Amino acid sequence: MSVELRNITYTYNKDEPSARVALKNVSLRLDDGDFVGLIGHTGSGKSTLMQVLAGLLPPNEGELLPEGKSYPDYKSAARVARKSTGLVFQYPEHQLFEETVYKDIAFGPLNRGLSADEADSRVREAARRVGVETLLDKSPFDLSGGQKRRVAIAGVVAMKPELLILDEPTAGLDPEGARELLAMLGSLHGDWCKTIILASHSMEDVAKTVKTVAVMNGGRLVMSGSVAEVFSRGEELRSMGLDTPQISRIVDGLIKAGLPLRRDIFTVADAADAIAALMGGGKNA
Amino acid sequence: MLRDITLGQYYSVDSPLHRMDPRTKLLWVIYYMTLLFMASSAWEYALIVIFTAIAVRASRVPLSFITRGLKPIVILMLFTVGLNLFMTPTGSELWRWGFLKITDDGVVIAVKMAVRLVLLIIGSSLLTLTTSPIVLTGGIERLLSPFARLGLPSHEIAMMMSIALRFIPTLMEETDKIIKAQTSRGADFESGGPIKRVRAMAPILVPLFVGAFRRADELAVAMECRCYHGGTGRTSLRRFAFGRDDFFALVWAVGLLAAIITIKVVTR
Ligand SMILES: Nc1ncnc2c1ncn2[C@@H]1O[C@H](COP(=O)(O)OP(=O)(O)OP(=O)(O)O)[C@@H](O)[C@H]1O
Ligand SMILES: [Mg+2]
């Protein structure tokens, strides 16, 4: 689903002494097939932006246009946005509530009005894709942290949202778990969810998973473009308390030391290939 | 929506009420409530209303912020007022429909009840709006400390209260987030009959309680790790002292009492 935000401004605790502007005049457009990574320093407004996108937080100013269309009032726009969007909050495992994993994953599909049979196949398919099919009969409260996270994500994925939004899905996971989760998201993109946007603090995660990157700073959307475009502006990113992936810093160092490497290398695998090619070897698998 | 509940919230500005010693304010609230329940004539109520208005003004908390806190209790108020309005047997009848009737006594009692409830809420919210939770519980601890000799665990009571107060905003935020998360999964909290609505609360309440217990557990461990062992021998960072504002509070208290006694004597 394509969705657009136009000149969105949002202030928490408006009209109170603790008022805090979280979004300033943010415009953003997501098209079918997009896979966006949202990066930004702590407090830059990523989570707020995602809630506005999902139709869960009415903006103070600006317009939400789900499916690229304008609606007469916010309510109807939000209803459309909610219907086709699945939002995985940060630490989604804190929202599990059912007796069994199966029932928890089925909550969303049943709410969307699917029949028991359809919901059943959705639950099994989502559980398989997310890698929790062996846990279906367990209580969600008896699982490990990483397993809970997967179950919670499966609960959103099972609704088969056209737009899947994930707020720091890998926070607190071990490197292996994070890798698996990102690979899983990559495999969902396209055939299960048309559009995915994920927020992350890890430049490595973003570089190897998404296609385009959007950068938030102090409530504003300050950059967006392909992974290569954004990460080639290392100085600017560093001035915002962000950075480029570790491997591109190493590649930069190697270039400075005189090696003829390309600048647009952002994943370890690409770097390994490039260096191997330089040393006269073939592609290392 | 949950942000509308201002009960127990602190509004951080500088005002004479904010600067007052918490013990003064606590005693004042108890005193205020006593006066409120002793008041009987319209003159006394008018006096207390004027006094409350002055106090609100002095606190520099916007009136709209305080009235927002009244919203959640509107139902309770309507219920009380309705009960008094329709169920008062005495007085001359003004209106009748079946077993329901309104008498002039009923109207008077209902209006008094409404005014009393509103004043009660405003008075007590002024206390929490102008006193930060830590200072408030510090004040409670000091006020209760004379009873410690009789075996009252005053420090523990204050500690429990400050922890509870501390976690109200956290739990509100958590509830807000859980509601959003379940809404995003298609949960519907607004339609359907009462049974359906109660059942629809499970996806909110279960995670909320699980989270609250988890937090309590973590907090207990963290406190033990820092060698918390109750109140014995514990000193406080904050020293409370009576100042100019507290003196004024005393003057107001005496003045108000004198005015009410005068009214009672004159109108007898
Ligand atoms: N519920 C809230 N009440 C008040 N202020 C809030 C609330 N949530 C966020 N804020 C404020 O809004 C701003 C943006 O917060 P947001 O959570 O969107 O940032 P973020 O980019 O997601 O940060 P992080 O990377 O730490 O998750 C911050 O300054 C924050 O203090
Ligand atoms: Mg966030």
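These figures come from a predicted structure and were not determined experimentally.

With respect to the overall build of chain B
Check the secondary structure of chain B and you find eleven helices and two strands. Across its three principal axes, chain B shows a C-alpha extent of roughly 65 × 55 × 35 Å. Burial statistics for chain B: of 268 residues in total, 39% are counted as buried. If you sum the accessible surface of chain B, you get close to 16,100 Å²; carbon and sulfur atoms cover 71% of it. Taken as two groups, the 30 positive and 19 negative side-chain charges of chain B have centres that lie 2 Å from each other.

Structural notes on the environment of Ser125(B)
Residue and element names in this part refer to chain B. Within the secondary structure, Ser125 sits in helix H6 (residues 104–130). The exposure class assigned to Ser125 is buried, which follows from its relative accessible area of 9%. Taking C-alpha positions, Ser125 is 27 Å from Ile204, a pair spaced 79 residues apart along the chain.

Section: the domain arrangement of chain B
Segmenting chain B into domains produces domain 1 (1–131 + 237–268) and domain 2 (153–236). Centre-to-centre, using C-alpha coordinates, domain 1 of chain B lies 29 Å away from domain 2 of chain B.

Focus on the site of ligand 1
Around ligand 1, the surrounding shell holds 15 residues, and the nearest of these are Gly43(A), Gly45(A), Lys46(A), Ser47(A) and Thr48(A). At the site occupied by ligand 1, nearby residues are drawn from chains A and B. A distance of 3.0 Å is found between an oxygen atom of ligand 1 and a backbone nitrogen or oxygen belonging to Gly45(A). In the environment of ligand 1, an oxygen atom lies 2.5 Å from a nitrogen or oxygen atom belonging to the side chain of Thr48(A).

What to know about the nonpolar core
Judged by nonpolar contacts, the single largest core of 50 residues is most densely connected at Ile105(A), Leu164(A), Leu185(A), Val215(A) and Phe231(A). What Ile105(A) contacts, discounting residues up to four positions off in sequence, is Val123(A), Ala127(A), Val132(A), Leu136(A), Val151(A), Ala154(A), Gly155(A), Ala158(A) and Arg185(B). Core analysis: the next-biggest nonpolar cluster, separate from the first, contains 28 residues, Met50(A), Leu56(A), Leu87(A) and Ile165(A) among them.

Things to note about the packing of helix H3 (residues 42–59) of chain B against H6(B)
Residues and elements named next belong to chain B. Axis separation between H3 and H6 bottoms out at 11 Å; the angle between their running directions is 25 degrees. As far as their axial angle goes, H6 and H3 are roughly parallel. Between H3 and H6 lies a crossing whose hand is left-handed. Taking contact as the criterion, the partners of Tyr45, Ile48, Val49, Thr52, Ala55, Val56 and Ser59 in H3 are, on H6, Lys112, Val115, Arg116, Leu119, Ile122, Leu126 and Thr130. For the contact of H3 with H6, the class distribution of residues is nine nonpolar, three polar and two charged.

Structural notes on the interface of chain A and chain B
In this complex, chain A contributes 26 residues to the contact, which on the side of chain B involves 23 residues. Carbon and sulfur atoms make up 58% of the surface buried where chain A meets chain B, a total of about 2,000 Å² over both sides. If you sort the residues of chain A by the area they bury against chain B, His94(A), Gln95(A) and Phe97(A) come out on top, with a joint share of 27%. The interface formed by chain A and chain B includes one salt bridge. For the salt bridge of Arg185(B) with Asp104(A), the shortest nitrogen-to-oxygen distance reads 3.0 Å. For the pair chain A and chain B, the interface holds seven residue pairs in polar contact (both at pLDDT 80 or more). When residues of the side of chain A that touches chain B are traced back to their parent elements, those giving at least two are strand S5 (85–88), helix H3 (101–111) and helix H5 (145–157) of chain A. Along the lines of polarity and charge, the residues of the side of chain A that touches chain B split into twelve nonpolar, ten polar and four charged.

Overview of the packing of helix H2 (residues 22–38) of chain B against helix H7 (residues 133–144) of chain B
All names here are of chain B. It is the contact of H2 with H7, at a shortest axis distance of 8 Å, that shows an interaxial angle of 75 degrees. The angle between H2 and H7 falls in the class roughly perpendicular. Mapping the contact onto sequence places Pro22, Arg23, Leu26 and Leu27 in H2 and Val135, Leu136, Gly139, Ile140, Arg142 and Leu143 in H7. Grouping the constituent residues of the contact of H2 with H7 by class yields seven nonpolar, one polar and two charged.

Quick look at the domain arrangement of chain A
Residue and element names in this part refer to chain A. Per the domain assignment, the segments of chain A are domain 1 (3–227) and domain 2 (245–285). The straight-line distance from the C-alpha centre of domain 1 to that of domain 2 is 33 Å. Tallying the contact residues gives five residues for domain 1 and four residues for domain 2. Both sides of the domain 1 and domain 2 interface together cover about 360 Å² of buried area, and 73% of this is carbon and sulfur. If you sort the residues of domain 1 by the area they bury against domain 2, Glu204, Ala207 and Val227 come out on top, with a joint share of 75%. Counting across the interface, domain 1 meets domain 2 through zero salt bridges. Where domain 1 packs against domain 2, one counts one residue pair in polar contact (both at pLDDT 80 or more). Top contributing element to the side of domain 1 that touches domain 2 by residue count: helix H7 (residues 203–209), with four residues. The class makeup of the residues in the side of domain 1 that touches domain 2 is three nonpolar, no polar and two charged.

Let's talk about the sheet that holds strand S1 (residues 3–12) of chain A
Residue and element names in this part refer to chain A. In spatial order, the strands read S2-S1-S4; together these three strands make up an open sheet with antiparallel pairing. Of all strands in the sheet, those bounded by a partner on one side alone are strand S2 (20–30) and strand S4 (61–66). Sheet twist, expressed as the average angle between the axes of neighbouring strands with direction ignored, equals 20 degrees. Note that S1 and S2 share seven bridges and pair antiparallel. Residue pairing for S2: Tyr10 is matched across the bridge by Leu23. Seen against the sheet, helix H1 (residues 46–53) touches S1, S2 and S4 and runs at an angle of roughly 55 degrees to S2.

Topic: the pairing of strand S3 (residues 35–40) of chain A
All names here are of chain A. Counting buried positions along S3 yields six of six residues, so the element is predominantly enclosed. Pairing of S3 with strand S7 (residues 195–199), which is carried by four bridges, proceeds in the parallel orientation. In the strand pairing of S7, Leu38 is matched with Ala199. One ladder, built from five bridges, connects S3 with strand S8 (residues 212–217); its direction is parallel. Counterpart to Ile39 in the pairing with S8 is Val215.

Calculation criteria
- Residues numbered from 1 in each chain as written.
- Chains lettered and ligands numbered in written order.
- Predicted model: local features only at pLDDT ≥ 70, side-chain atom pairs only at ≥ 80, totals over all residues.
- Heavy atoms only, no water.
- Helix = DSSP H or I, 4+ residues; strand = E, 2+ residues; numbered from the N terminus.
- Buried < 20%, exposed > 50% of the residue type's maximum accessible area, 1.4 Å probe, protein only.
- Areas by Shrake-Rupley, 256 points an atom, 1.4 Å probe, with all protein chains shown as cover.
- Lys, Arg positive; Asp, Glu negative; His and termini not counted.
- Charge placed at Lys NZ, Arg CZ, Asp CG, Glu CD.
- Domains from an automatic or database assignment.
- Near = heavy atom within 4 Å.
- Polar contact = N/O pair within 3.5 Å; in protein donor to acceptor, adjacent residues only side chain to side chain.
- Core = buried A, V, L, I, M, F, W, Y, C linked by side-chain atoms within 4.5 Å.
- Contact = heavy atoms within 4.5 Å.
- Axes fitted to C-alpha atoms, helices over the stretch in contact; angles between N-to-C directions.
- Parallel < 35°, antiparallel > 145°, perpendicular 65-115°, else oblique.
- Left-handed = near helix turned anticlockwise from the far one by under 90°.
- Nonpolar A, V, L, I, M, F, W, Y, C, P; charged D, E, K, R; others polar.
- Buried area = accessible area lost by both parts, 1.4 Å probe.
- Salt bridge = Lys/Arg side-chain N within 4 Å of Asp/Glu carboxyl O.
- Pairing = 2+ DSSP bridges.

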